[in-house]
Amino acid sequence: MPHKKSVVPSSNKSVALALGAGGARGLAHIVVLEALDELGVVPVVLAGTSMGAVLGAVYAAGFSGKDIRQYLLNLLRDKPDVMARLLRARVGRFSDLLTRFLSNPALLDGEVFLEQFWPRAMPQTFETLKIPFIAVATDFLSHSPAYVNTGPLIPAVAGSMAIPGLIKPVAHQTQVLIDGGAVNPLPFDLVKAECVIAVDVTGGPNGQRVKAPEPFEAMLGAAQIMQGAITREKLKSGQPDILLRPHIDQFKALDFFQAREILKSAEPLRDEVKRALEKHWG
């Protein structure tokens, strides 16, 4: 379903959107997309990091927030099918982890993962998207940000979501891409418009838990702590016009099968987006 025509109050008032990294917490972005659709607001440009890139690319392709929600929930309803798709996206055999963990800890091929899980109607290139889109990754070789907005779509987004130890790095043109959360977890600085909206889903501390995490959970949690620290420092030198932070601290990076609960927890964002835009536009 195509996005609605924009009903931004004035022709010189535009909206740009930045969707941050956060694993399964990033599913909260869907509520923001739905709110913009309900207002008839079409972003003039969109940037996304990691899960923000995965969902942002689908939205930029012309799928509405409601389309994305329905597609996701239908997909996750069939758990055996999800596991079968994950098996097709694996790197080598899972038994390799027992004998080759130090040399090849990655579990998934991000490019195959997207081919398995994205809607089949997804465009192949940035140039064929309906909304200009920037995928944020990290160039492992140069230790610098990699901001991709041209050429093949899947390698760039797969690189943006390539969490070390979980998804293998992506060789793309002259770069080797890994998770964009290592350099720019909330890429509001890459987009410009009359109103820049940023959605931070790194989450905060969950003080209710007392049990120590398992090693793999600790690795992913450490990445999210790092991303939160980068974002806090970044916000000291600049701010988006509207900063949204859903209350999703209780969810972990791989809680995708709790999608309904994540979306429910993020539901207050719907009215928050509308109030913030009304206030910004006066």
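1. Remarks on the layout of surface pockets
Its volume calculated, the largest pocket comes out at about 910 Å³. Looking at the largest pocket, it is lined by 38 residues, and the ones nearest its centre are Met-51, Leu-86, Phe-113, Leu-254 and Phe-256. Elements that contribute at least two residues to the lining of the largest pocket include exactly α2 (51-60), α3 (65-77), α4 (79-88), α6 (110-117) and α8 (215-237). In terms of residue count, α3 provides more of the lining of the largest pocket than any other element does, five residues in total.

2. Structural notes on the pattern of salt bridges
Using the criterion set out here, one finds 11 salt bridges in the structure. A salt bridge links Asp-81 to Arg-85; the shortest N-O distance between them is 2.8 Å. Within this pair, Asp-81 and its partner Arg-85 are both found in helix α4, separated by four residues, close to a single helical turn. On the basis of relative accessible area, Arg-85 is assigned to the buried category, the value being 18%. For Arg-270, the salt bridge goes to Glu-267, with nearest N and O atoms at 2.4 Å. Judged by relative accessible area, which is 30%, Glu-267 ranks as partly exposed. Through salt bridges that share partners, Glu-34, Glu-38, Arg-69, Glu-267, Arg-270 and Lys-274 make up one connected network.

3. A short note on the packing of aromatic side chains
Following the criterion strictly, the structure yields two aromatic pairs and no others. Summarising the aromatic geometry, the rings of Phe-113 and Phe-117 are spaced 4.6 Å apart at their centres and angled 35° between planes, so their arrangement reads as tilted. With a gap of four residues between them, Phe-113 and Phe-117 both fall in helix α6, about one helical turn apart. With a centroid separation of 5.9 Å and 15° between ring planes, the pair formed by Phe-126 and Phe-133 is classed as stacked. The pair Phe-126 / Phe-133 is uniform in exposure class, with both members buried. It is Lys-79 that lies over the ring of Phe-257; its NZ or CZ is 4.9 Å from the centre. For the cation-ring pair, Lys-234 lies above Phe-188, with the distance from its terminal atom to the ring centre recorded as 4.6 Å.

4. Examining the side chain of Asn-184
Along the chain, the position of Asn-184 falls in the loop between β6 (175-179) and β7 (195-199). Classification of Asn-184 by relative accessible area gives buried; the value is 3%. Dropping the residues within four chain positions of it, Asn-184 is found in contact with Thr-49, Val-136, Tyr-147, Asp-189, Leu-190 and Lys-234.

5. Concerning the nonpolar core
In terms of nonpolar packing, the biggest core is built from 77 residues, with Trp-118, Phe-133 and Val-157 touching the most fellow members. Counting residues per element, this core draws most heavily on α2, at eight residues. If we skip the residues at most four places from it in the chain, Val-157 touches Ala-53, Val-54, Ala-57, Leu-114, Trp-118, Phe-133 and Ala-135. Ranked by size, the runner-up nonpolar core spans 11 residues in total, among them Ala-47, Leu-186, Val-191 and Ala-198.

6. Notes on the side chain of Asp-255
Tracing the sequence through the fold places Asp-255 in the loop between β8 (242-244) and α9 (259-266). The side chain of Asp-255 sits in the buried core without any salt bridge; Lys-252 is the nearest counter-charge, 4.0 Å away.

Basis of the calculations
Residues numbered from 1 in each chain as written. Predicted model: local features only at pLDDT ≥ 70, side-chain atom pairs only at ≥ 80, totals over all residues. Heavy atoms only, no water. 1 Å grid on protein atoms, 1.4 Å probe; cavity = no way out; pocket = protein on both sides within 12 Å on 5 of 7 lines; lining within 4 Å. Points joined across faces, edges and corners; volume = space filled by probe spheres on them. Helix = DSSP H or I, 4+ residues; strand = E, 2+ residues; numbered from the N terminus. Salt bridge = Lys/Arg side-chain N within 4 Å of Asp/Glu carboxyl O. Buried < 20%, exposed > 50% of the residue type's maximum accessible area, 1.4 Å probe, protein only. Phe/Tyr/Trp six-rings, centres within 6.5 Å; stacked < 30°, edge-to-face > 60°. Lys NZ or Arg CZ within 6 Å of the ring centre and 35° of its normal. Contact = heavy atoms within 4.5 Å. Core = buried A, V, L, I, M, F, W, Y, C linked by side-chain atoms within 4.5 Å. Lys, Arg positive; Asp, Glu negative; His and termini not counted.

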